[in-house]
Amino acid sequence: MFKMLWRKTVSLLSILMVLSIYAVVQSETESIPVGRFSLANPGSDLPDGWQPLTFKKISRHTRYSVVRDNGRIAVKAISEQSASGLTKNVAIDAEAYPIIDWEWKVSNVLSKGDASKKEGDDYPARIYVAFEYDSRRLGFFGRAKYEMYRAMTGRYPPLHVINYIWGNKAAIGSMVSNPSSDRVAMIVVRSGS
C-alpha cells in the first residue's frame, strides 16, 4: 500500500485501475472510504457513485467487472487497444485527510509507454486527484480561460491534478511533468512488471 500526501482541497477523485481492491483517504485517526470495491459481490455492478469515463475520440473502451482474484474481491479492467476510466466525485478537505491509500495489480505493462512524451502518455493503471478551481489562484488571463471553458462545458476544469502512475521504465518516486498540461504533475509509484 502507498500513502501519498496531498495539499489543498480536493473536489474530484478519479480513479482508473487495472485491478484495484480499495481506495480510502485518511487522517491520523479516521478514513473516508472512496472505493471499497472489496465489499462488492463478484459479477455485480460497481459500488455506488462510480461512473464510467469515456472519451469521444476513442471508439473502444475498457471493460470493467467485479471479480474474485486470489481470494480477494476487486474491480478488473480489460483493455485491448482501448481506454476509459472509472470516476467518483467526492469533496475532501485534504488538510484534514492528507493520505490516499490504495492497492492495485497489473498483469501487462505497456512497452511503448513513456511518461516524458505526449505519444507515450499511456499506462496500465493510474489514479487522478484533481483540485477544484479557485479563481483567487489565477491572474486575469487564467480566470478568463477558465470562464471560457465553463461557458463551453458547463463546469470548471480542475485547477491542478496529481496523477499517480504505474509506469514502464521511469524510476519509482520520480515526478514527471505531463507533456499535455502544465497543471498536471505525474508521480511514478510503480514501474515495470
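Just so you know, these numbers come straight off a predicted model, no measurement behind them.

### Details of the overall build of the chain
Along its length, the chain carries 1 helix and 14 strands. Counting over 193 residues, the chain shows a buried share of 42%. Taking the intrachain contacts of the chain between residues at least 6 apart in sequence as the baseline, contacts between residues at least 24 apart amount to 64%. Looking at the chain as shown, the accessible area adds up to about 11,500 Å², and 50% of this sits on carbon and sulfur atoms.

### A short note on the environment of Tyr-146
Residue placement: Tyr-146 occurs in helix H1 (residues 140-153). The exposure class assigned to Tyr-146 is buried, which follows from its relative accessible area of 5%. On a C-alpha basis, the gap between Tyr-146 and Asp-134 in space is 9.9 Å, while along the polypeptide they are 12 residues apart. If sequence neighbours within four positions are ignored, Tyr-146 has contacts with Tyr-133, Leu-138, Tyr-156, Pro-157, Pro-158, Leu-159 and Arg-183.

### Some thoughts on the pattern of salt bridges
Should the charged atoms of two oppositely charged side chains come close, the side chains can pair. This model, assessed by the stated rule, comprises 2 salt bridges. Taking the shortest distance from any N to any O, the salt bridge between Lys-105 and Asp-69 comes out at 2.9 Å. Note that Lys-105 is positioned in the loop between strand E10 (99-104) and strand E11 (126-131) and Asp-69 in strand E6 (residues 63-69), a separation of 36 residues in sequence. Among the residues examined, Asp-69 registers a relative accessible area of 24% and is labelled partly exposed.

### Overview of the nonpolar core
Counting 14 residues, the largest nonpolar core has Ile-100, Trp-102, Trp-104, Ile-127, Tyr-164, Trp-166 and Val-189 as the members making the most contacts within it. Elements represented by at least two residues in this core include exactly E10, E11, strand E12 (160-167) and strand E14 (184-191).

### Points about the confidence of the model for the chain
Residue-level pLDDT values for the chain average 75, and 82% of them are 70 or greater. Across residues 1-22, confidence stays below pLDDT 50; counting only partners more than four residues off in sequence or on other chains, it has 125 contacts.

### Notes on H1
Helix length check: H1 (14 residues) gives 20 Å between terminal C-alpha atoms against 20 Å at 1.5 Å per residue, within 8%. Phi for Gly-154, located one or two positions after H1, is positive at around 90 degrees.

### Some details on the environment of Ala-171
Here Ala-171 lies in the loop between E12 and strand E13 (175-177). Placed 18 residues apart in sequence, Ala-171 and Val-189 show a C-alpha to C-alpha distance of 8.5 Å.

### Re the packing of aromatic side chains
A full pass over the atoms with the stated rule returns 4 aromatic pairs. On the basis of an interplanar angle of 45 degrees and a centroid distance of 5.5 Å, the ring pair of Trp-102 and Tyr-164 is categorised as tilted. Of this pair, Trp-102 sits in strand E10 while Tyr-164 is found in strand E12, placing the two residues 62 residues apart along the sequence. Overall, the relative accessible area of 2% leaves Trp-102 in the buried class. Arranged with centres 5.3 Å apart and planes meeting at 80 degrees, the rings of Phe-140 and Phe-141 form a pair that is edge-to-face. Accessibility assignment for this pair places Phe-140 and Phe-141 in one class, exposed.

### Here's the deal with the side chain of Glu-103
Among the structural elements, Glu-103 can be located in strand E10. Assessed through its relative accessible area of 16%, Glu-103 is described here as buried. Side-chain polar atoms of Glu-103 contact the side chain of Arg-72, separated by 2.9 Å.

### Some thoughts on unusual backbone geometry
Of note, Asn-70 is a non-glycine position whose phi angle comes to about 50 degrees, a positive value. Note on placement: Asn-70 falls in the loop between E6 and strand E7 (72-78).

### What to know about a nonpolar patch on the surface
On the surface, a nonpolar cluster with roughly 230 Å² of combined accessible area is contributed by Leu-53, Phe-55 and Ile-58. Inspection of the secondary structure assignment puts Ile-58 in the loop between strand E5 (51-53) and E6. By relative accessible area, Ile-58 is classed as partly exposed at 32%.

Rules used throughout
Residues numbered from 1 in each chain as written. Predicted model: local features only at pLDDT ≥ 70, side-chain atom pairs only at ≥ 80, totals over all residues. Heavy atoms only, no water. Helix = DSSP H or I, 4+ residues; strand = E, 2+ residues; numbered from the N terminus. Buried < 20%, exposed > 50% of the residue type's maximum accessible area, 1.4 Å probe, protein only. Contact = heavy atoms within 4.5 Å. Areas by Shrake-Rupley, 256 points an atom, 1.4 Å probe, with all protein chains shown as cover. Salt bridge = Lys/Arg side-chain N within 4 Å of Asp/Glu carboxyl O. Core = buried A, V, L, I, M, F, W, Y, C linked by side-chain atoms within 4.5 Å. pLDDT = per-residue confidence, 0-100. Expected span 1.5 Å × (residues − 1). Phe/Tyr/Trp six-rings, centres within 6.5 Å; stacked < 30°, edge-to-face > 60°. Polar contact = N/O pair within 3.5 Å; in protein donor to acceptor, adjacent residues only side chain to side chain. Patch = residues over 30% accessible without salt bridge, like charges linked within 9 Å, V, L, I, M, F, W, Y side chains within 5 Å.

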